[in-house]
Amino acid sequence: SFYTDYQTESSVFSQIPSFLNSQNQGNLNFSIKDYIYSDSFLDSIVSENYLIDNNEISLVDTWGKNYNNFFSNPLGKIAMNFSFTPAASDNEKRLYFAKQVLKNNLNFEEDRLTGLNKISITIRKNPDLSNQIITNSYNSIINFYTDINQQKATEKKLFIEKRVLETEQSLRISENNLKLFLQENSSIESPMLQLEKERL
């Protein structure tokens, strides 16, 4: 469990920003739920290496090898295997199956009022693997949020720099127009010329 709107530094997880607070104009209204069920998140988690039985191995290799094992949930696996295109490689099938296993075992609860988020996963006979997956999930959320905020800040900076250049160019054009007008009209007494000067 972790909060997204901590005001104090009392927790190990307190560094996560308040990205679900709609009143905070500087942050994105970012939904963790949308992210953790995305292909980007699932790919990053199942492709990561984990320490399982003193061996470093990915979930693709651990869970994915059972994609064509029809002894457990035969109907589901038969239907899944028939859904693959003939061009799908063995690795793509293993990756897809590992993502489905993760998605089916990952539970998420989000309280938008309090900012409390809960992520849980249960791996039978391997609580240490559950803990590793949860740690990687949390880190992935933080990294994704940081990345999109950096992209947002970069885009905003580029936009402001572009507007500054445009404004400077516009100002120079206006100054030149005023200079030409004053050179051509040494005596500005008529209301029309005075209005034109003010406009410039």
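Fair warning: this is a prediction, and the values are worked out from it, not measured in the lab.

Burial of strand β2 (residues 49-52) is one-sided: the residues Y50 and I52 facing one way are buried, the residues N49 and L51 facing the other way are not. In this sheet, strand β3 (residues 55-58) lies alongside β2 in antiparallel orientation, the contact comprising 4 bridges. Within the sheet, the bridge partner assigned to L51 lies in β3 and is E56. Here β2 folds back onto β3 in antiparallel fashion, the turn holding 2 residues, of which D53 has a positive phi close to 55°.

As a further point, take unusual backbone geometry. Of note in this structure, D53 is not a glycine but carries a positive phi near 55°. Tracing the backbone shows D53 in the loop between β2 and β3. Of note, N54 is a non-glycine position whose phi angle comes to about 65°, a positive value.

Per-residue confidence for the protein averages 79 on the pLDDT scale, and 76% of its residues sit at or above 70. Low confidence marks residues 6-28, where pLDDT is under 50. Its contacts with residues over four positions away, or in another chain, come to 46 contacts.

By the definition in use, this model includes 2 aromatic pairs. Residues Y35 and F41 carry aromatic rings whose centres are separated by 5.3 Å and whose planes lie at 70° to one another, so their mutual orientation is edge-to-face. Note on accessibility: Y35 and F41 belong to one class, buried. Measuring from centroid to centroid gives 4.2 Å for Y35 and F144, while their planes differ by 10°, and the two rings are stacked. With a gap of 109 residues between them, Y35 in helix α1 (residues 32-36) and F144 in helix α6 (residues 127-184) connect regions that are remote in the sequence. Accessibility expressed as a relative area gives 8% for Y35, which makes it buried. Judged by relative accessible area, F144 falls into the partly exposed class, the value being 28%. Joined through ring pairs, the aromatic side chains of Y35, F41 and F144 make up one cluster.

Take the pattern of salt bridges next. The tally for this structure, following the rule as stated, stands at 5 salt bridges. The closest approach of N and O atoms between D61 and R94, which form a salt bridge, is 2.9 Å. Of this pair, D61 sits in helix α3 (residues 59-63) while R94 sits in helix α5 (residues 90-105), and the two are 33 residues apart along the sequence. Accessibility expressed as a relative area gives 37% for D61, which makes it partly exposed. According to the relative accessible area criterion, R94 is buried, its value standing at 17%. With its nearest N and O atoms 2.6 Å apart, the salt bridge here joins E166 to R163. Of this pair, E166 and R163 both sit in helix α6, 3 residues apart, which is roughly one turn of the helix.

Once that is clear, we can look at the nonpolar core. Counting 24 residues, the largest nonpolar core has L59, W63, L102, L129 and I133 as the members making the most contacts within it. Mapped by element, the contributors of at least two residues to this core are α1, α2 (39-47), β2, α3, α5, β4 (106-111), β5 (116-121) and α6. The residues contacting L102, other than those within four sequence positions of it, are L42, I45, V46, W63, I121 and I133.

The next subject is the side chain of S58. Note on placement: S58 falls in strand β3. Owing to a relative accessible area of 7%, S58 belongs among the buried residues under this scheme. Sequence-distant contacts of S58, that is, excluding residues within four places in its chain, are made with V46, S47, E48 and N49.

Below, the discussion takes up the packing of α2 against α5. With their axes 9 Å apart at the nearest point, α2 and α5 run at an angle of 100° to one another. In terms of axis orientation, α2 runs roughly perpendicular to α5. Along its contact with α2, which presents D39, L42, D43, I45, V46 and S47, the element α5 presents L95, A98, K99, L102 and K103. Of the residues assigned to the contact of α2 with α5, the class counts are 6 nonpolar, 1 polar and 4 charged.

Rules behind the numbers
- Residues numbered from 1 in each chain as written.
- Predicted model: local features only at pLDDT ≥ 70, side-chain atom pairs only at ≥ 80, totals over all residues.
- Heavy atoms only, no water.
- Buried < 20%, exposed > 50% of the residue type's maximum accessible area, 1.4 Å probe, protein only.
- Helix = DSSP H or I, 4+ residues; strand = E, 2+ residues; numbered from the N terminus.
- Pairing = 2+ DSSP bridges.
- pLDDT = per-residue confidence, 0-100.
- Contact = heavy atoms within 4.5 Å.
- Phe/Tyr/Trp six-rings, centres within 6.5 Å; stacked < 30°, edge-to-face > 60°.
- Salt bridge = Lys/Arg side-chain N within 4 Å of Asp/Glu carboxyl O.
- Core = buried A, V, L, I, M, F, W, Y, C linked by side-chain atoms within 4.5 Å.
- Axes fitted to C-alpha atoms, helices over the stretch in contact; angles between N-to-C directions.
- Parallel < 35°, antiparallel > 145°, perpendicular 65-115°, else oblique.
- Nonpolar A, V, L, I, M, F, W, Y, C, P; charged D, E, K, R; others polar.

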